[in-house]
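# Survey of secondary and tertiary structure
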Amino acid sequence: MGGDLIITGGVPLNGTVRIPAAKNSVLPLLAASLLCSGTVRLLAVPQLADVDTSLVLLRGAGCTARWQGSDITVQGMPSVCRLEPEAAAQMRASILFCAPLLARLGRVETVLPGGCRIGARPIDLHLSGLAQMGAHCREEGTRLILTAPAGLHGADITLGFPSVGATETLLLAAVCAQGETVLRGAAREPEIVDLAAFLNRCGGCVQGAGTGTVRVQGRRVLYGCSFAPMADRIVASTLACACAAAGGRVELTGCAPAVYAPLLEILAQMGCGIETGPESAVIVRSGALHGAGRVFTGVYPALATDAAPLLAAAMLCADSVSSIEDVVFERRFACADGFAAFGADVRVQQRTLHIRPVRQLQGAEAAAPDLRGGAALVIAALAARGRSRIADTGHIDRGYACFVQMLTELGAQIEREMPCGSTCEKKTPSKKQI
């Protein structure tokens, strides 16, 4: 969508938001649809740039993939073993489409995947696991070519790090491989559980998802199904941090608080009121916000790496010091320069962002450096006094659908200013809950 976001800060947020489906669940589910002989229907999918890129990849592989209202349907088996290079280069998740094509066609050609520049994001765990299952991998410049002339077979694989992406790749490869695959050291994220539930709904046999050891019995054929992806815990985290920064009362529904509990616990320690139910959370901030001390991200169920910049934005408004270290990506806090433009006292030291209190953030101009860093700058702008402009919002659009509308419904003074000749998306006051 693009354009700049114009935000007048200092307005508390109040209202209710139903959390949409998770981008980080939808993308691997779309990749998994390549394995299915029947129609796959994903329900209530958010309209995101990365989702549209995934549809380009599916169509390029020979499938029919289209929107039907808010749902997506995918039909047909893949017939083309080459991923559309321009689309594949746009997002990190394009690597997930390789294993299904390799399983179905015995060969896949792609370019090295793109995505946010938040640090080294190697695919060596993906490739080494596929090699144990019978794949041959080679790079030719920026091209990656995988072949499996004898097909994929089960293997006993131990991941050196519980990578979410590698776990997803190897589940997608194993579910239609010959024999059993045992994946040790697997990621435990809820999105892994969601993918396993989808594969089992389609006739697969995946056991142990959400634990450190996953067992997959390969099946010759998977069928289609209708499936509702899980809610987006990072969108929920974003809105929770926005409420903590700007003040107010926000109720988040349709997303189990358990999947982002570490973030809610830290906000409670900082002085927010937190009330939770099975599928909802209420965040209230009416008084002073306090520093959180030292905070660390980690593999699930610890604080999510994607939530680090969001929580850091709330910490800018605290009355005492905080620091947050991301143990996953070394350049997670590229948004620090933007924070400083708002008048924040921040310092990046290796993987850690140090934050000292200031009297008041001031409106400023800043550019989104990446997806979550861009959302963090929006949070800072909501808390700042005066008018702010956030540029390079294409990064934000990759992970947040109807972001302006969502915040407007909560009372934020925000609009999107499009370049001349484009249609503007502006703030339209409404009491309707979304």
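The structure this text deals with has already been given above.
Residues numbered from 1 in each chain as written. Predicted model: local features only at pLDDT ≥ 70, side-chain atom pairs only at ≥ 80, totals over all residues. Heavy atoms only, no water.

### Describing the state of the cysteines
Within this structure, the stated rule accounts for zero disulfides. Unpaired in this structure, Cys 36 has its nearest cysteine sulfur neighbour in Cys 202, at a distance of 3.8 Å. The cysteine Cys 98 is free of any disulfide, with Cys 137 supplying the nearest cysteine sulfur at 9.6 Å. Using a relative accessible area of 1% as the deciding quantity, one classes Cys 98 as buried. (Disulfide = S-S within 2.5 Å. Buried < 20%, exposed > 50% of the residue type's maximum accessible area, 1.4 Å probe, protein only.)

### Looking at the environment of Leu 35
Tracing the chain through its elements places Leu 35 in the loop between α1 (23-32) and β3 (40-42). Taking C-alpha positions, Leu 35 is 7.3 Å from Met 77, a pair spaced 42 residues apart along the chain. Residues within four places of Leu 35 in sequence aside, it is in contact with Met 77, Pro 100, Ala 103, Arg 104, Leu 172, Val 175, Cys 176 and Leu 222. (Helix = DSSP H or I, 4+ residues; strand = E, 2+ residues; numbered from the N terminus. Contact = heavy atoms within 4.5 Å.)

### Here we look at the pattern of salt bridges
Considering all chains together, one arrives at 17 salt bridges under this definition. Two residues, Glu 330 and Arg 351, come together in a salt bridge whose shortest N-O distance is 3.9 Å. Highlighted residues: Glu 330 in the loop between β18 (322-325) and α11 (336-341) and Arg 351 in the loop between β19 (345-349) and β20 (352-356), separated in sequence by 21 residues. Owing to a relative accessible area of 28%, Glu 330 belongs among the partly exposed residues under this scheme. Across the salt bridge formed by Arg 389 and Glu 417, the nearest N and O atoms sit 2.8 Å from each other. (Salt bridge = Lys/Arg side-chain N within 4 Å of Asp/Glu carboxyl O.)

### What about helix α6 (residues 164-174)?
Most of α6 sits out of view: nine of its eleven residues are buried. If you check which residues of α6 are buried, you get Ala 166, Thr 167, Glu 168, Thr 169, Leu 170, Leu 171, Leu 172, Ala 173 and Ala 174. Backbone nitrogen of Gly 165 and a side-chain oxygen of the N-cap are separated by 3.4 Å at the start of α6; the cap is Ser 163. (Polar contact = N/O pair within 3.5 Å; in protein donor to acceptor, adjacent residues only side chain to side chain.)

### Here's the deal with empty space enclosed by the protein
Per the counting criterion, the structure on display carries two cavities of 30 Å³ or more. What the largest cavity holds in volume is close to 70 Å³. The wall of the largest cavity is formed by Arg 233, Ile 234, Ser 237, Val 259, Tyr 260, Pro 262, Leu 263, Tyr 300, Ala 302, Leu 303, Ala 304 and Ala 307. For the lining of the largest cavity, the elements supplying multiple residues, two or more each, are α8 (233-246) and α9 (261-269). Among the elements that make up the lining of the largest cavity, the one with the highest residue count is α8 (three residues). By volume, the second largest cavity amounts to about 50 Å³. Every residue lining the second largest cavity is listed: Pro 20, Ala 21, Pro 46, Leu 48, Asp 232, Val 235, Gly 399, Tyr 400, Ala 401 and Met 406. Considered class by class, the residues forming the lining of the second largest cavity number eight nonpolar, one polar and one charged. (1 Å grid on protein atoms, 1.4 Å probe; cavity = no way out; pocket = protein on both sides within 12 Å on 5 of 7 lines; lining within 4 Å. Points joined across faces, edges and corners; volume = space filled by probe spheres on them. Nonpolar A, V, L, I, M, F, W, Y, C, P; charged D, E, K, R; others polar.)

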